[in-house]
Amino acid sequence: MNKEKIPVTPAIRLLRENNTVFSSHLYPYEEHGGTAHSARCLAVEEHAIIKTLIMEEEHHQPLIVLMHGDRKVSTKELARLLNVKAITPCDPAVANKHSGYLVGGTSPFGTRKPMAVYMETSILELPLIYLNGGKRGFLVGLAPTAVQQLLKPTLVNVALIE
């Protein structure tokens with residue numbers, strides 16, 4: 001971990017309030033670098049970097065999807081599972097408004113607005129995952145079971161290989 005000061009974001013506050021064990025990882029943020037860049041910086045598999053995606057269904061109700069960094073979300077399959085016509089990624093400005101975080105620094109923890117959370121089932125098979133800590137260039141490492149306890153996500157199988 002860098003010797004830089006760890007940002008105290010709403011995500012970090014929530015993790016601390018719940019006595020969640022986590023590690024902090026700062027890295028040089030790169031615009032459009034995505035999970036491939038953060039995985040290289042942390043020297044971990046991209047599969048263990050979990051994206052926090054803010055999406056919405058046809059009635060513009062926002063939701064969070066947690067997905068492996070090296071996978072895409074089958075929005076068609078997710079819509080079918082949720083019994084809605086369509087699921088689409090939120091426009092970045094709308095995503096920022098719902099989450100309270102800037103896109104590229106979106107954490108599933110401590111969001112401004114409560115949202116349903118859907119997590120790819122295979123994430124639970126990993127011993128350790130890395131999620132955004134609420135700021136660009138800042139990830140937290142924790143057990144996927146801790147995410148399950150805190151967020152109570154609905155488990156889904158909607159991954160597509162990129």
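Here, every reference points to the structure presented above.
Quick look at the structure, then.

1. Some details on the environment of Ala116
Thought 1: Relative to the helices and strands, Ala116 is located in strand E6 (residues 116-120).
Thought 2: By relative accessible area, which is 38% here, Ala116 ends up partly exposed.
Thought 3: Ala116 sits 55 residues away from Gln61 along the chain, and the two C-alpha atoms are 9.3 Å apart.
Thought 4: Look past the residues within four positions of Ala116 in its chain and what remains in contact with it is Pro62, Leu63 and Ile64.

2. With respect to the sheet that holds strand E2 (residues 50-57)
Thought 1: Strand order in the open sheet formed by five strands is E5-E2-E3-E6-E9, with mixed pairing between adjacent strands. Here the strands that pair on one side only, and so sit at the sheet edges, are strand E5 (87-89) and strand E9 (154-156). The sheet shows a mean angle of 35 degrees between the axes of neighbouring strands, taken without regard to direction.
Thought 2: For E6 and E9, the ladder comprises three bridges, and the chain directions are parallel. Looking at the pairing, Met119 lines up with Leu155 of E9.

3. Here's the deal with unusual backbone geometry
If a residue is not glycine, its phi is most likely negative; likewise, a peptide bond is most likely trans.
Thought 1: The phi dihedral of His32 falls on the positive side, at around 65 degrees, and the residue is not glycine.
Thought 2: As for its placement among the helices and strands, His32 is situated in the loop between strand E1 (23-26) and helix H2 (34-42).
Thought 3: For His32, a relative accessible area of 77% gives the class exposed.
Thought 4: Here His60, not a glycine, exhibits a phi torsion of approximately 65 degrees, which is positive.
Thought 5: Structurally, His60 can be placed in the loop between E2 and strand E3 (62-68).
Thought 6: Take His60: its relative accessible area is 55%, and that puts it in the exposed class.

4. Focus on the nonpolar core
Thought 1: Residues Leu66, Phe109, Ile129, Leu131, Val140, Leu142 and Val147 are the most contacted members of the largest nonpolar core, which totals 33 residues.
Thought 2: Elements supplying a minimum of two residues to this core: helix H1 (10-17), H2, E2, E3, E6, strand E7 (129-135), strand E8 (138-142) and helix H5 (144-151).
Thought 3: The element best represented in this core is E8, accounting for four residues.
Thought 4: In contact with Val147, other than residues within four places in its own chain, are Leu66, Phe109, Met119, Ile129, Leu131, Leu142, Lys152 and Pro153.

5. Remarks on the pattern of salt bridges
Thought 1: Tallying each qualifying case throughout the model produces two salt bridges.
Thought 2: Where Arg71 meets Asp70, a salt bridge forms, and the shortest distance between an N and an O atom there is 3.3 Å.
Thought 3: For Asp70, a relative accessible area of 21% corresponds to the partly exposed category.

Reading the values: rules and limits
- Residues numbered from 1 in each chain as written.
- Predicted model: local features only at pLDDT ≥ 70, side-chain atom pairs only at ≥ 80, totals over all residues.
- Heavy atoms only, no water.
- Helix = DSSP H or I, 4+ residues; strand = E, 2+ residues; numbered from the N terminus.
- Buried < 20%, exposed > 50% of the residue type's maximum accessible area, 1.4 Å probe, protein only.
- Contact = heavy atoms within 4.5 Å.
- Pairing = 2+ DSSP bridges.
- Axes fitted to C-alpha atoms, helices over the stretch in contact; angles between N-to-C directions.
- Core = buried A, V, L, I, M, F, W, Y, C linked by side-chain atoms within 4.5 Å.
- Salt bridge = Lys/Arg side-chain N within 4 Å of Asp/Glu carboxyl O.

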